[in-house]
Amino acid sequence: MAGCQTAVSNIVMSCVVFLTLEFITPLFKYTPNAILASIIISAVIGLIDYDAALLIWKIDKFDFVACMGAFFGVVFSSVEIGLLIAVSISFAKILLQVTRPRTAILGRLPRTSVYRNIQQYPEATKIPGLLIKRVNSAIYFSNSNYVKERDTVMAD
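**Student:** What should I look at first to understand the pairing of strand β1 (residues 103-108) in this one?
**Tutor:** For a regular strand, the rule is simple: side chains alternate between the two faces of the sheet. In terms of burial, β1 is largely enclosed, as 5 of its 6 residues are buried. Inspection of the sheet shows β1 paired to strand β3 (residues 133-135) by 3 bridges, in the antiparallel sense. Bridge pairing in β3 places Ile 105 opposite Lys 133. Inspection of the sheet shows β1 paired to strand β2 (residues 115-117) by 3 bridges, in the antiparallel sense. Along β2, the bridge assignment pairs Gly 107 with Arg 116.

Okay, structure coming up:
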């Protein structure tokens, strides 16, 4: 929107794009494809946000893989292929999270009745002879065996 205040800017923008496509595009008819490609590449390089990609890497590695899959799919194939790759990776991530939920062993914080993850709160202490576990997802048929297996691993 570039600082515009009303929706009239969309009408003006669409008119300018139409006029550009109608009258200026024919001037590029005899321009070699290599020159057009270099113009497009030089314009696209400024659109790549390295800081955002680094932030995604720090927050969630799987989302970064989806981001890079989409990027390379678009660069080396087409927009549709890039979108298909990103959606497929995201779908796989969702299935992985649903079938393998995160679990945590809880311990009691000193001088309180509050229980927290013992990995995040080192001062939390386990209760002898009792395992308190939190499953960070709903338990149902697709993840019940995984949760049950984690029970035996955590109890050991």
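**Student:** Even after reading the chapter, I still don't get the packing of helix α4 (residues 61-76) against helix α5 (residues 79-99), so can you show me in this structure?
**Tutor:** The description of two helices packed together rests on the angle between their axes and the distance between the axes. As a packed pair, α4 and α5 sit with axes 6 Å apart at the nearest point and diverge in direction by 165°. Regarding the angle of α4 to α5, the classification is roughly antiparallel. As α4 packs across α5, the resulting crossing turns out to be right-handed. The segment α4 lies against α5, with Phe 62, Asp 63, Val 65, Ala 66, Gly 69, Ala 70, Gly 73 and Val 74 engaging Val 79, Ile 81, Gly 82, Ile 85, Ala 86, Ile 89, Ser 90, Lys 93 and Leu 96. Class assignment of the residues belonging to the contact of α4 with α5 gives a composition of 11 nonpolar, 4 polar and 2 charged.

**Student:** What is the right way to read the packing of helix α3 (residues 50-59) against α4 from this model?
**Tutor:** Two elements in contact, α3 and α4, have axes separated by 6 Å at closest approach and are oriented at 140°. Between α3, through Ala 53, Ile 56, Trp 57, Lys 58 and Ile 59, and α4, the contact on the second element is made entirely by Lys 61, Asp 63, Phe 64 and Cys 67. Residue composition of the contact of α3 with α4, grouped by class: 6 nonpolar, no polar and 3 charged.

**Student:** So what exactly am I meant to see when it comes to the layout of surface pockets here?
**Tutor:** By volume, the largest pocket amounts to about 270 Å³. Lining the largest pocket, in full, are Ile 59, Asp 60, Phe 62, Lys 93, Leu 96, Gln 97, Arg 100, Pro 101, Arg 102, Asn 136, Tyr 146 and Arg 150. Those elements giving two or more residues to the lining of the largest pocket turn out to be α5 and α6 (144-155). Counting residues per element, the lining of the largest pocket draws most heavily on α5, at 3 residues. Here the residues of the lining of the largest pocket sort into 5 nonpolar, 2 polar and 5 charged. In this structure, the second largest pocket is lined by Val 44, Leu 47, Ile 48, Asp 49, Tyr 50, Ala 52, Ala 53, Cys 67, Met 68, Phe 71 and Phe 72. Listed by contribution, the elements that provide at least two residues to the lining of the second largest pocket are α3 and α4. Top element by residues in the lining of the second largest pocket is α4. It accounts for 4 residues. In the lining of the second largest pocket, the residues fall into 10 nonpolar, no polar and 1 charged.

Rules and cut-offs
Residues numbered from 1 in each chain as written. Predicted model: local features only at pLDDT ≥ 70, side-chain atom pairs only at ≥ 80, totals over all residues. Heavy atoms only, no water. Buried < 20%, exposed > 50% of the residue type's maximum accessible area, 1.4 Å probe, protein only. Helix = DSSP H or I, 4+ residues; strand = E, 2+ residues; numbered from the N terminus. Pairing = 2+ DSSP bridges. Axes fitted to C-alpha atoms, helices over the stretch in contact; angles between N-to-C directions. Parallel < 35°, antiparallel > 145°, perpendicular 65-115°, else oblique. Left-handed = near helix turned anticlockwise from the far one by under 90°. Contact = heavy atoms within 4.5 Å. Nonpolar A, V, L, I, M, F, W, Y, C, P; charged D, E, K, R; others polar. 1 Å grid on protein atoms, 1.4 Å probe; cavity = no way out; pocket = protein on both sides within 12 Å on 5 of 7 lines; lining within 4 Å. Points joined across faces, edges and corners; volume = space filled by probe spheres on them.

Fair warning: the whole summary comes from geometry, so function is off the table for now.
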